[in-house]
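A structural walkthrough
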Amino acid sequence: MNIRTALPSESNILFDIDRTQTFSAHWKEAGWQAELAHPAARVWAAFVDERLVGFICVRGAAGQYEITNLAVAVGHTRQGIGRALLTHALRQLKELGAAQVTLEVSTANEPARALYQSGAFSTLGVRKKFYPDGSDALILGKRL
């Protein structure tokens, strides 16, 4: 597996992966193009056999960053790709001088919650009935 910065020309692949996952952000293709061009955003992509199979998106500045989206393509889940993306992003953010990383995750998204718990994220708060399915959003954070 290889992880590198996603390219604007890969927005359609990112869009396709994003829309296939129940708990990802489901950005429109124009949203992906805007994210890839945004100066405060970082998007890293994971490749297996030169095929883009996952991504992690973060935004922030001045030491405060937020994970805004993370997904792995159908057929590539449960292979450590999400963990590798998270580890890579946290390492890169620390090099950028980040002091803290936060994110929101649905209480219904058990795999993501397990991933973040294993990454030593702690619960900072809860947004009740935040998601369309009625599940709460956990606000998680980690100091780097």
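Here's a quick rundown of the structure. (Residues numbered from 1 in each chain as written. Predicted model: local features only at pLDDT ≥ 70, side-chain atom pairs only at ≥ 80, totals over all residues. Heavy atoms only, no water.)

**As for helix H1 (residues 11-20)**
Buried within H1 we find Ser11, Leu14, Ile17 and Asp18. Projected down its long axis, H1 carries its buried residues within an arc of 125°, all on one side. Considering only its buried residues, H1 is in contact with helix H2 (29-37), strand S2 (41-48), strand S3 (51-61) and strand S4 (64-72). (Buried < 20%, exposed > 50% of the residue type's maximum accessible area, 1.4 Å probe, protein only. Helix = DSSP H or I, 4+ residues; strand = E, 2+ residues; numbered from the N terminus. Arc of directions from axis to C-beta. Contact = heavy atoms within 4.5 Å.)

**Brief notes about the packing of helix H3 (residues 81-95) against helix H4 (residues 110-118)**
Relative to each other, H3 and H4 sit at 45°, their axes nearing to 11 Å. One way to sum up the angle between H3 and H4 is to call them oblique. Note on packing geometry: the crossing formed by H3 with H4 is right-handed. Of the residues in H4, those touching H3 at Gly82, Arg83 and Leu86 are Leu115, Tyr116 and Ser118. Taken together, the residues of the contact of H3 with H4 break down into 3 nonpolar, 2 polar and 1 charged. (Axes fitted to C-alpha atoms, helices over the stretch in contact; angles between N-to-C directions. Parallel < 35°, antiparallel > 145°, perpendicular 65-115°, else oblique. Left-handed = near helix turned anticlockwise from the far one by under 90°. Nonpolar A, V, L, I, M, F, W, Y, C, P; charged D, E, K, R; others polar.)

**A look at the side chain of Asp18**
On the secondary structure map, Asp18 appears in helix H1. Here Asp18 sits buried without a salt bridge, and the closest side chain of opposite charge, Arg19, lies 8.8 Å off (N-O distance). When near neighbours in sequence (up to four residues on either side) are disregarded, Asp18 contacts Ser24, Ala25, His26, Trp27, Trp32, Phe55 and Asn69. (Lys, Arg positive; Asp, Glu negative; His and termini not counted. Salt bridge = Lys/Arg side-chain N within 4 Å of Asp/Glu carboxyl O.)

**Concerning unusual backbone geometry**
In this model, His26 sits at a positive phi of 60°, which is unusual for a non-glycine residue. Checked against the element boundaries, His26 lands in the loop between H1 and H2. The residue Ala62 is not glycine, and still its phi comes out positive at about 50°. Considering the arrangement of structural elements, one finds Ala62 in the loop between S3 and S4.

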